[in-house]
Amino acid sequence: MRIKSYFSATVEAAVSKARQELGDDALLLNARPSPDDALHLGAYEVVFGIETPVVPPPAPPAARAERPAAPPPASLPDPATDDADSLAGFLARQDISPALIQAIETSLDDDTVTEQQLIRALSRRLNVNSSLNGPIAFVGPPGSGKTTLLVKLAIRESADQAVTVVCADSQRIAAAEQLRRLCLIAGLTFEYAGEPETLAPIVDAHHAAGRLVLIDLPGFGPSELGPARAWQAALAKISSLTPVLTLTATARTADLRVMVGHYRMFKPQRLAFTHLDETGVWGGVYSAAGETGWPVGWLTTGQSIPEDVEDASVRRIVDGLMGLAGKARAAAAAAG
Ligand SMILES: Nc1nc2c(ncn2[C@@H]2O[C@H](COP(=O)(O)OP(=O)(O)OP(=O)(O)O)[C@@H](O)[C@H]2O)c(=O)[nH]1
Ligand SMILES: [Mg+2]
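Caption draft 1: Quick look at the overall build of the protein chain. A count of helical and extended segments in the protein chain gives 12 helices and 11 strands. Split into buried and exposed, the 336 residues of the protein chain put 48% on the buried side. In the protein chain, the share of contacts with a sequence separation of at least 24, taken over all contacts with a separation of at least 6, comes to 74%. Working note: accessible area of the protein chain is about 15800 Å², and carbon and sulfur atoms make up 54% of it.

As structure tokens, then:
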């Protein structure tokens, strides 16, 4: 949604100016006396939102710690040509954390590791859980794809159970309004918790009515510890809550570890990874999941709502890690 302000001597005149330019579909978000520095433009300001494609706005550039470019999927170590370091080298090329590389090497304890042994060793450190029971809150860094994931799941799940989307946000009126519009279009029940103390009663009421409740929170930057604490305290009052830490798969393993540290205060019980369409390196996903032990719930692979989301599976993550998905595609393309 694009936001635009109009100023005039009266609210009515400002609204009519906006309607002339934007048409009847534009949404009135706010009307207020003009701030001091805009008084020369008119005594009143009205703020309108104009619908753009039905996806949330792009993340601010600083919000993600991305790799410069996604390297192609790493190939499996070839015992015939690689030296004794090849396993560690292969795992390091996938950006698996040094601690996990060491643990995996130790567990294999053999210089001649077969592909199946490696797959088993990698798989042992992963858990997955995509169940959608009880209230679920999506937490994570700004722009990590929380709202997009929530909407994808809400739409997909609404075929099987009643879903309520709760927007927990005391500041970003436009973001809340955009989510409300999305829910309206998708036929989902929408609730807005504008203050932390309103959140638990809203969630508990919808949960008690037998509905799946999905809670959208804003991302909190490093300087927003105050609001983050307030919302964390609000989440702590919700019974049977599952907080899902939503992270971008394009971030480096070391950066993901820092984000996990920041968001531990929300007591995440699961992980979700987004932007998998933008990287061939799965070491961040693997290391965050392997080091925390938190089950991975979902993987997202694009902006399309609701299509670009899949339930996580150990097989999918390990295949991604070993480049098997790419290999299988290449083999299929060559065959047909
Ligand atoms: N390519 C790609 N883009 C994605 C994916 N998931 C989300 N996006 C895009 O990333 C941007 C940010 O997504 P949001 O869902 O708004 O992120 P957010 O975490 O809710 O952002 P804040 O609420 O501002 O913290 C949007 O442009 C999304 O369309 C994905 O899996 N792949
Ligand atoms: Mg959001």
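Now that the structure has been shown, we can carry on.
Caption draft 2: Representation of helix H5 (residues 146-157) within the structure. With 12 residues, H5 extends 16 Å from end C-alpha to end C-alpha; this agrees with the ideal 16 Å at 1.5 Å per step. Within H5, 10 of the 12 residues are buried, which leaves it mostly tucked inside the rest of the structure. Buried within H5 are the following residues: Lys146, Thr147, Thr148, Leu149, Leu150, Val151, Lys152, Leu153, Ala154 and Glu157.

Caption draft 3: Looking closely at the side chain of lysine 152. Mapped onto the elements, lysine 152 comes out in helix H5. Despite its burial, lysine 152 remains without a salt bridge, the nearest opposite charge being carried by aspartate 308 at 5.2 Å. A polar side-chain atom of lysine 152 sits 3.0 Å from the main-chain carbonyl oxygen of aspartate 308. In this structure, lysine 152 is in contact with Thr300, Gly302, Ser304, Ile305, Pro306, Asp308 and Val309, ignoring residues within four places of it in sequence.

Caption draft 4: Here's a closer look at unusual backbone geometry. A cis amide bond, omega 5°, links isoleucine 305 with the succeeding residue proline 306. Assignment of secondary structure puts proline 306 in the loop between strand S10 (296-300) and strand S11 (309-311). Of note, histidine 275 is a non-glycine position whose phi angle comes to about 65°, a positive value.

Caption draft 5: Just helix H8 (residues 225-236), in detail. Helix length check: H8, at 12 residues, gives a terminal C-alpha distance of 16 Å against a target of 16 Å (1.5 Å per residue), a fit within 8%. Residues Ala228, Trp231, Gln232, Ala234 and Leu235 constitute the buried set of H8. Considered in projection along H8, the buried side chains sweep an arc of 160° and stay on one side of the axis. Opposite the buried face of H8, by more than 90 degrees, sit the exposed residues Arg229 and Ala236. Summarising the contacts, the buried residues of H8 are in contact with strand S4 (136-139), strand S5 (163-168), strand S6 (189-193), helix H7 (196-208) and strand S7 (212-216).

Caption draft 6: Molecular detail of the sheet that holds strand S9 (residues 270-274). Across the sheet, which stays open at both edges, the eight strands sit in the order S6-S5-S7-S4-S8-S9-S10-S11 with mixed pairing between neighbours. Every other strand in the sheet has two partners, leaving S6 and S11 as the edge strands with one partner each. Each strand axis lies, on average, 25° off the axis of its neighbour in the sheet, ignoring direction. Each of S4, S5, S7, strand S8 (242-248), S9, S10 and S11 is contacted by H5, which is oriented at about 165° to S7, the strand it contacts most.

Caption draft 7: Representation of the packing of helix H4 (residues 115-123) against helix H11 (residues 314-322) within the structure. One can describe the packing of H4 onto H11 by two numbers: an axis separation of 10 Å at closest approach and a directional angle of 125°. In terms of their interaxial angle, H4 and H11 are classed as oblique. Crossing hand, H4 versus H11: right-handed. Packed against H4, whose contacting residues are Glu115, Leu118, Ile119, Leu122 and Ser123, the element H11 presents Val314, Val318, Leu321 and Met322 at the interface.

Caption draft 8: Region of the structure containing the pattern of salt bridges. Considering all chains together, one arrives at seven salt bridges under this definition. Of the charged contacts, one joins aspartate 255 and arginine 252 as a salt bridge, the two residues approaching to 3.8 Å between their closest N and O atoms. Aspartate 255 sits in the partly exposed class, given a relative accessible area of 23%. Judged by its relative accessible area of 39%, arginine 252 falls in the partly exposed class. For arginine 315, the salt bridge is made with aspartate 319, and the minimal N-O distance between the two is 3.2 Å. With arginine 315 and aspartate 319 both in helix H11 and four residues apart, the pair spans about one turn of that helix. Using a relative accessible area of 15% as the deciding quantity, one classes aspartate 319 as buried.

Caption draft 9: View of the nonpolar core. If you look at the biggest cluster of nonpolar residues, it comprises 58 residues, and the most contacted ones within it are Leu118, Leu122, Leu199, Ile215, Leu235, Phe273 and Tyr286. Beyond its immediate sequence surroundings of up to four residues, tyrosine 286 is in contact with Ile96, Leu100, Ile104, Ala121, Leu122, Arg125, Leu126, Ile317 and Leu321.

Caption draft 10: Broad picture of the pairing of S7. Most of S7 sits out of view: five of its five residues are buried. The alternating pattern of S7 places Leu212, Leu214 and Asp216 on one face and Val213 and Ile215 on the opposite face, and all of these are buried. Sheet topology note: the S4/S7 ladder contains three bridges and is parallel. Its bridge partner lying in S7, alanine 137 is registered against isoleucine 215. Bridge analysis of S5 against S7 gives five bridges, and the strand direction is parallel.

Cut-off values and rules
Residues numbered from 1 in each chain as written. Chains lettered and ligands numbered in written order. Predicted model: local features only at pLDDT ≥ 70, side-chain atom pairs only at ≥ 80, totals over all residues. Heavy atoms only, no water. Helix = DSSP H or I, 4+ residues; strand = E, 2+ residues; numbered from the N terminus. Buried < 20%, exposed > 50% of the residue type's maximum accessible area, 1.4 Å probe, protein only. Contact = heavy atoms within 4.5 Å. Areas by Shrake-Rupley, 256 points an atom, 1.4 Å probe, with all protein chains shown as cover. Expected span 1.5 Å × (residues − 1). Lys, Arg positive; Asp, Glu negative; His and termini not counted. Salt bridge = Lys/Arg side-chain N within 4 Å of Asp/Glu carboxyl O. Polar contact = N/O pair within 3.5 Å; in protein donor to acceptor, adjacent residues only side chain to side chain. Arc of directions from axis to C-beta. Pairing = 2+ DSSP bridges. Axes fitted to C-alpha atoms, helices over the stretch in contact; angles between N-to-C directions. Parallel < 35°, antiparallel > 145°, perpendicular 65-115°, else oblique. Left-handed = near helix turned anticlockwise from the far one by under 90°. Core = buried A, V, L, I, M, F, W, Y, C linked by side-chain atoms within 4.5 Å.

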